[in-house]
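Below, each chain spelled out in residue letters.
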Amino acid sequence: MAKFDVLTVGNAIVDIIARCEDSFLSDNEIIKGAMNLIDADRAELLYTKMGPAVEASGGSAGNTAAGIAGLGGKAAYFGKVAEDQLGVIFQHDIRAQGVHYVTKPQGSNPPTARSMIFVTPDGERSMNTYLGACVELGPEDVEPQVVADSAVTYFEGYLWDPPRAKEAILDCARIAHEHGREVSMTLSDPFCVGRYRAEFLDLMRSGTVDIVFANKQEALSLYETEDFELALTSIAKDCKLAAVTLSEEGAILLRGNERVKIDAYSVPDVVDTTGAGDLFAAGFLYGYTHGRSLADCGKLGCLAAAIVIQQIGPRPMESLNAAAVREGLL
């Protein structure tokens, strides 16, 4: 038996979320719907231009860990913050969710990572991320016993941006597989896929990664095609298990020759899509580590995603466990 259902590894980021019009994005040269990496000066400039904002602990893998805990699962997290106010906020929030998190903070410089997220009227989020302290995550932050004790170790593709994090991830994968565990990744972002396509494919084809999460755009980018069916058949060949999300059309799950289509839950009002993919992964991995069918894993993922897009911020305010019980999934 695993002590933890899922260990997630990622960039520890505090989200600063504000609403804006589409014209704000074009006026400030922000790529809509993408994660744009920025430096400290750009972060300061965009912050001064933001309207009223909500601060929330985020980071893709952190959101997934919080979601798993919210469903009643046992989650752990590796990610680096600084010894500053945002770092304290991040540590408090993820531990308050019941997630095991003891990664030693960096000093005060560079500061804790933050992402200025602009949400347009259609609910789409455009992220502008200053990585700060989270790029300092390295092999020394790997807790070997936690990896060995986790049924699945899950990491975000964004970790391929900071160089030393790659070493940490490869260490985690080695330890996990030595102990008969599995490794999962999310492709994170079409632009991230564009930067690291060859490396991501190698992780999958070499068996370093067993389970892959992607949205439709990321899957198309991975195989440099506009043919979605080709992308689906290719990703099914390249990894043990793949989950491809389709926004309001639900998700497609692929394992060998098995293919399962999951319908999305009806949502009356999309408020903010921040964290939708992260929470899908949380629901799916909770189901997967509890021996549920592929269909149930997908339904849990779609339910968690549907809940988070009806609020501002990536950490669900509604009880995921209660929602899953209500829907007959737990």
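Structure's up top.
Below or above, wherever it landed, is the structure these notes cover. (Residues numbered from 1 in each chain as written. Predicted model: local features only at pLDDT ≥ 70, side-chain atom pairs only at ≥ 80, totals over all residues. Heavy atoms only, no water.)

**Regarding the packing of aromatic side chains**
What characterises a pair of aromatic rings is the spacing of the ring centres plus the angle enclosed by the ring planes. Cut-off, in case you're wondering: Stacked, tilted and edge-to-face are the three classes assigned to paired rings of Phe, Tyr and Trp, where Trp is represented by its six-membered ring and a pair needs centres within 6.5 Å; plane angles under 30 degrees give stacked, over 60 edge-to-face, the rest tilted. Going along the chain from the N terminus, every DSSP run of H or I of four or more residues is numbered as a helix, and every run of E of two or more is numbered as a strand. Burial classification: accessible surface area is computed with a 1.4 Å probe over protein chains only, and a residue below 20% of its type maximum counts as buried, one above 50% as exposed, and the rest as partly exposed. Over a ring means this: the NZ of a Lys or the CZ of an Arg is within 6 Å of the ring centre and within 35 degrees of the ring normal.
In total, this model carries 12 aromatic pairs according to the counting rule given. Taken together, a centroid distance of 6.1 Å and an interplanar angle of 40° make the contact between Y196 and F200 tilted. Here Y196 pairs with F200, and both are found in helix 7 (residues 190-205), just 4 residues apart, close to one helical turn. Taken as a pair, Y196 and F200 share a single burial class, namely buried. An aromatic cluster is defined as three or more aromatic residues linked by ring pairs; in this entry it consists of Y154, F213, F280, F284 and Y288. Its guanidinium or amino end placed over the ring of F228, K216 lies 5.0 Å from that ring's centre, counting from NZ or CZ.

**Focus on the nonpolar core**
As a reminder of what qualifies: Residues enter a nonpolar core if they are buried and are Ala, Val, Leu, Ile, Met, Phe, Trp, Tyr or Cys, with the set joined through side-chain atoms within 4.5 Å.
Formed by 54 residues in total, the largest nonpolar core has its most connected members in V9, F155, F200, L222 and I235. Counting 49 residues, the second largest nonpolar core, distinct from the first, contains I94, V260, Y286 and V308.

**What to know about the sheet that holds strand 2 (residues 13-19)**
The line we're drawing: Whether two strands pair depends on DSSP finding at least two bridges between them. Lines fitted to C-alpha atoms define the axes, with helix axes restricted to the stretch in contact, and inter-axis angles between N-to-C directions lie between 0 and 180 degrees.
In space, the 5 strands of this open sheet follow the order 3-7-6-2-4, with mixed pairing throughout. A strand with exactly one partner marks an edge of an open sheet, and here the two such strands are strand 3 (35-37) and strand 4 (54-57). Strand-to-strand twist in this sheet, taken as the mean axis angle between neighbours without regard to direction, amounts to 25°. Pairing of strand 6 (residues 113-119) with strand 7 (residues 125-130), which is carried by 6 bridges, proceeds in the antiparallel orientation. Of the residues in strand 7, the one forming a bridge with R114 is Y130.

**A short note on the environment of T273**
Basically, it comes down to this: Contacts were defined at the residue level, with two residues in contact if any of their heavy atoms lie within 4.5 Å.
Among the secondary structure elements, T273 is positioned in the loop between strand 13 (258-262) and helix 10 (276-289). Counting along the chain gives 120 residues from T273 to T153, while the straight-line C-alpha distance between them is 25 Å. With sequence-adjacent residues up to four places away left out, T273 is seen in contact with G123, E124, R125 and I309.

**Quick notes on the sheet that holds strand 13**
Strand order in this open sheet of 8 strands is 5-1-8-9-10-11-12-13, and the pairing throughout is mixed. Because the sheet does not close on itself, it has two edges, and the strands there are strand 5 (75-78) and strand 13. Pairwise comparison of adjacent strand axes, ignoring direction, gives a mean angle of 15° for this sheet. Here 5 bridges tie strand 1 (residues 4-9) to strand 8 (residues 150-156), and the two strands are oriented parallel to one another. Pairing of V9 across the sheet is with F155, part of strand 8. Across the sheet, helix 9 (residues 228-238) lies against strand 10 (211-215), strand 11 (241-245), strand 12 (251-255) and strand 13, angled at about 40° from strand 12, the strand it touches most. Against the sheet, helix 10 contacts strand 1, strand 8, strand 9 (182-186), strand 10, strand 11 and strand 12, and its axis sits at roughly 160° relative to strand 8.

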